[in-house]
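A look at the structure
Residue strings, one per chain:
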Amino acid sequence: MEPVQPIQYKDGRLALIDQRRLPLELVTVECETYEDVAKAIEDMAVRGAPAIGIAAAYGVAMGAKALATGATFSRPGVPGGTSGAAATELFLGALEGIGERLKRTRPTAVNLFWAVDRMMRVATAQASRGPMGISVALFEEAKAIADEDVAMNRRLGDFGQALVPDTATVLTHCNAGALATGGFGTALGVVRAAVAAGKQVQVLADETRPLLQGARLTAWELSQEGIPVTLITDSMAGHMMQQKRVDVVIVGADRIAANGDTANKIGTYSLAVLAKEHGLPFYIAAPSSTIDLSLADGKGIVIEERRAEEVTRIGQTVIAPPGVKVANPAFDVTPARLITAIITDRGVVKPPYHDNLRALFGAR
Ligand code: MRU
C-alpha cells in the first residue's frame with residue numbers, strides 16, 4: 001500500500017488532509033485562497049516541516065493567480081488601470097506581502113521560509129511573462145517542490161535504511177512520516193525503506209504531548225501499511241531503553257543549523273540525552289530543505305510558543321485547573337554532540353557537522 005498524500009492541488013483548491021481530525025476521521029480541508037492556506041498552517045490542519053513548505057508554496061501560487069485574475073488592482077492603495085512593466089511591479093509587490101503573510105504562520109521550520117523564498121525568486125525571474133505567466137510558473141514550481149520532496153525522502157530513506165539493523169526496534173517521536181511531507185516521510189521514510197529492504201523493523205511511537213502527533217498520526221500512518229507499531233507515552237521512553245527494548249532512535253527535524261544543532265518537536269532533546277545514556281544511536285532524518293547554514297548554531301533558532309489550551313486540554317477535555325500558568329514551547333533544540341548522524345538526501349552526515357554539512361550543502 002502506498003503512503004498517504006497529505007497535500008493535493010486540483011481545480012483551484014488545495015486539499016489538505018486535516019491532521020487535527022486523524023485518526024478519527026480521514027477528511028480534507030479545502031483551501032481556496034492563500035489566506036485559507038495560512039490559517040491551515042497556523043491551526044495545524046497541515047503540519048510537519050516539509051508539508052508546511054509545500055502548502056505555503058501552493059499558497060503563493062494561489063495568491064498570485066488571484067492577483068493576476070483581477071482581485072489585484074482593486075486592493076486598497078493599488079492604483080487601477082496599470083499595465084505592462086508597472087503592473088508587473090505592483091503585482092510582485094503585492095505577492096511579496098502574500099509571501100510575508102505565509103511566513104508569519106509558524107516560525108521554527110525553515111522549510112516554510114525556504115519554499116516561500118524559492119517561489120518569490122521564480123516570480124522575479126519570470127517577470128517578463130507578466131502576472132498571468134508568473135502565476136502559471138508558480139504552480140509549476142509548487143508542484144516541483146512537492147515532487148522533489150518525495151524524491152528527497154526516498155533518497156534519504158535509502159541512505160538511512162543501511163544504518164538500521166536487520167532486526168530492529170526504532171523509537172520515533174512526533175510524526176515525521178508521509179503526513180508531514182509530500183508523501184513518504186523522513187524518519188518514517190527510513191523505516192519504510194528498511195521494511196522494503198526486507199528488514200524486520202518495528203516502531204515504538206512516542207505519543208508526543210501536547211498535540212499527540214505520535215499517537216494520532218504516526219500510529220495511524222504505520223498501521224495503515226501494516227508496519228508494526230507500539231504506542232508509548234513520552235515518559236516511557238527511558239524505561240524502554242533501560243529494558244533494552246530500543247535499538248535505534250530516528251526522528252525528523254524542523255531546522256538544522258550549520259553546526260548540526262537540530263530543532264525538532266518538543267521532547268526530542270530529552271530522547272537524545274536518554275539515547276546517549278543508554279549508548280543508542282540517535283539519528284536525525286531530514287531533506288536538504290531543512291538545513292539552514294545561515295545559522296551558526298541552534299541558539300539562533302526561533303522556538304514557536306503555542307496556545308496554553310494545547311497543554312491544559314487533551315482534545316476538548318480540560319485536564320488542568322482554570323487559569324493555571326502554562327508553558328508551551330512546540331520545539332526544542334538537540335545539541336549536535338548528541339546526534340550520531342544526520343541522514344539526508346545527499347548522504348549520511350557524521351561529525352564534525354560544521355565541515356561535513358558545508359561540504360554537502362554549502363554550494364546551493
Ligand atoms: O508541530 P509539528 O507537528 O509541525 O512538528 C513536526 C515535527 O516536529 C516533525 O518532527 C518535523 O517537522 C519533521 S517532519 C518530516
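In what follows, the structure referred to is the one given above.
Okay, so let's go over this structure. Since this is a predicted model, take the numbers as computed values, not measurements.

Next up on the list: the layout of surface pockets. For the largest pocket, the calculated volume is near 610 Å³. Lining the largest pocket are 23 residues, with Arg20, Leu211, Arg307, Gly315 and Gln316 positioned closest to its centre. Every element with two or more residues in the lining of the largest pocket is listed here: helix 10 (309–312) and strand 12 (313–314). Residue classes in the lining of the largest pocket are distributed as eight nonpolar, three polar and 12 charged. If you count residues domain by domain, the lining of the largest pocket takes at least three from each of domain 1 (7–153) and domain 2 (155–361). The space that makes up the second largest pocket amounts to roughly 230 Å³. Contributing to the lining of the second largest pocket are 15 residues, with Gln5, Ile7, Ala146, Asp147 and Gly182 lying nearest its centre. Counting only elements with at least two residues in the lining of the second largest pocket, the list comes to strand 1 (7–10), helix 2 (49–71) and helix 5 (130–161).

With that settled, the discussion passes to unusual backbone geometry. That bond from Arg209 to Pro210 is cis: its omega, 10°, falls within 30 degrees of zero. Considering the arrangement of structural elements, one finds Pro210 in the loop between strand 5 (200–206) and helix 7 (213–225). Here the residue pair Pro351 and Pro352 is connected by a cis peptide bond, since its omega of 0° sits within 30 degrees of zero. Residues other than glycine seldom take positive phi values, yet Leu212 does so here, at roughly 65°. Tracing the sequence through the fold places Leu212 in the loop between strand 5 and helix 7. In this structure Leu212 comes out as buried when scored by relative accessible area, which is 14%.

Another aspect to go through is the environment of Asp158. Within the secondary structure layout, Asp158 lies in helix 5. On the basis of relative accessibility, which here comes to 52%, the residue Asp158 falls in the exposed class. For the pair Asp158 and Ala123, spaced 35 residues apart in sequence, the C-alpha separation works out to 34 Å.

On to empty space enclosed by the protein, then. All chains considered together, the criterion is met by four cavities of 30 Å³ or more. Empty space within the largest cavity amounts to approximately 210 Å³. For the largest cavity, the lining is made up of 25 residues, of which Arg47, Gly48, Ala49, Asn175 and Asp254 are closest to its centre. Examining the composition of the lining of the largest cavity, we find that three residues originate from one element, helix 2, more than from any other. Tallied by class, the residues present in the lining of the largest cavity amount to 12 nonpolar, nine polar and four charged. There are two domains that each give the lining of the largest cavity at least three residues, and those are domain 1 (7–153) and domain 2 (155–361). Taken as a whole, the second largest cavity encloses approximately 50 Å³ of empty space. Around the second largest cavity sit Pro50, Gly53, Ile54, Asn111, Trp114, Ala115, Ile145, Asp149, Met152 and Ser289, which together line it. At the level of elements, helix 2, helix 4 (110–125) and helix 5 are the ones that each hand at least two residues to the lining of the second largest cavity.

For the rest of this paragraph, the subject is the sheet that holds strand 6 (residues 229–232). Strands sit in the order 6-5-4-7-10-15-16 across an open sheet of seven strands; the sheet is mixed. With one partner strand each, in any of the chains shown, strand 6 and strand 16 (347–349) form the two edges of the open sheet. For this sheet, the mean inter-axis angle between neighbouring strands, taken without regard to orientation, is 25°. Here strand 15 (residues 341–344) pairs with strand 16 via three bridges, running antiparallel. By the bridge assignment for strand 16, Ile343 is matched with Val348. Relative to strand 15, helix 5 is tilted by about 140°, and along the sheet it contacts strand 10 (282–285), strand 15 and strand 16.

Reading the values: rules and limits
- Residues numbered from 1 in each chain as written.
- Predicted model: local features only at pLDDT ≥ 70, side-chain atom pairs only at ≥ 80, totals over all residues.
- Heavy atoms only, no water.
- 1 Å grid on protein atoms, 1.4 Å probe; cavity = no way out; pocket = protein on both sides within 12 Å on 5 of 7 lines; lining within 4 Å.
- Points joined across faces, edges and corners; volume = space filled by probe spheres on them.
- Helix = DSSP H or I, 4+ residues; strand = E, 2+ residues; numbered from the N terminus.
- Nonpolar A, V, L, I, M, F, W, Y, C, P; charged D, E, K, R; others polar.
- Domains from an automatic or database assignment.
- Buried < 20%, exposed > 50% of the residue type's maximum accessible area, 1.4 Å probe, protein only.
- Pairing = 2+ DSSP bridges.
- Axes fitted to C-alpha atoms, helices over the stretch in contact; angles between N-to-C directions.
- Contact = heavy atoms within 4.5 Å.

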